[in-house]
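In case you want the letters, here they are:
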Amino acid sequence: MGLGSLFKRNKKDKKEEKVDESHIDIDIGSCDGCEKCVVACSNNVFMLVDETCSVRDHQVCRNCKVCMAICPNDCITVN
Ligand code: SF4
Ligand code: SF4
């Protein structure tokens, strides 16, 4: 009687996929609607609404922080 058949390998690797969710805060009181963030963000996260920056879609942000660097009024915080 072979014991080998009694041992079964259970190779279930449950990899937890971490989704990097960025959180974007905009200080709209300081925003002058220059649109630099809208142009600079390659993922089209921002849009202007009534000449003020607004987040169109948080989920497409890749956390590159280019918007933070480019905003002349330091309105944007990404973390
Ligand atoms: S961190 Fe990068 S991807 Fe996210 S909103 Fe700013 S520029 Fe766009
Ligand atoms: S770059 Fe800054 S000031 Fe210009 S639209 Fe974006 S948040 Fe407003």
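What comes next concerns the included structure. From a predicted model like this one, the values you see are computed outputs, not experimental measurements. (Residues numbered from 1 in each chain as written. Chains lettered and ligands numbered in written order. Predicted model: local features only at pLDDT ≥ 70, side-chain atom pairs only at ≥ 80, totals over all residues. Heavy atoms only, no water.)

1. Remarks on the overall build of the protein
Looking only at helices and strands, the protein features two helices and four strands. Going residue by residue from the N terminus, the α and β elements of the protein occur as β-α-β-β-α-β. For the protein, with 79 residues in total, the buried portion stands at 20%. (Helix = DSSP H or I, 4+ residues; strand = E, 2+ residues; numbered from the N terminus. Buried < 20%, exposed > 50% of the residue type's maximum accessible area, 1.4 Å probe, protein only.)

2. Overview of the site of ligand 1
Close to ligand 1 lie C41, N43, V45, F46, C61, R62, N63, C64, K65, V66, C67 and V78. Taken together, the residues of the shell around ligand 1 break down into eight nonpolar, two polar and two charged. (Near = heavy atom within 4 Å. Nonpolar A, V, L, I, M, F, W, Y, C, P; charged D, E, K, R; others polar.)

3. A word on the nonpolar core
Counting 14 residues, the largest nonpolar core has I24, C37, V45, F46, C67, I76 and V78 as the members making the most contacts within it. Only α1 (36-40) and β4 (76-78) provide two or more residues apiece to this core. When residues no more than four places from it in sequence are discounted, the contact partners of C67 are C37, F46, I76 and V78. (Core = buried A, V, L, I, M, F, W, Y, C linked by side-chain atoms within 4.5 Å. Contact = heavy atoms within 4.5 Å.)

4. Concerning the site of ligand 2
Around ligand 2 there are 13 residues in total, and C31, C34, E35, C37 and C71 lie nearest to it. Tallied by class, residues from the shell around ligand 2 come to eight nonpolar, two polar and three charged.

5. Quick notes on the environment of N73
Along the chain, the position of N73 falls in the loop between α2 (66-70) and β4. For N73, a relative accessible area of 29% puts it in the partly exposed group. C-alpha separation for the pair N73 and C34, spaced 39 residues apart in sequence, amounts to 9.6 Å. If we ignore the near neighbours within four places in the chain, the residues touching N73 are S30 and D32.

6. Focus: unusual backbone geometry
Trans is the prevailing form of peptide bonds, just as negative phi is the prevailing case for residues other than glycine. Positive phi outside glycine occurs at N44, with the angle close to 55°. The topology assignment puts N44 in the loop between α1 and β2 (46-49).

7. Describing the pairing of strand β3 (residues 52-55)
In this structure, β2 lies alongside β3, joined through four bridges in antiparallel fashion. For V49, the partnering residue across the bridge sits in β3 and is T52. The turn linking β2 back onto β3 is made up of two residues, and D50 within it adopts a positive phi angle of 50°. (Pairing = 2+ DSSP bridges.)

It is worth stressing that arrangement in space is one thing and function is another; only the former is reported here.
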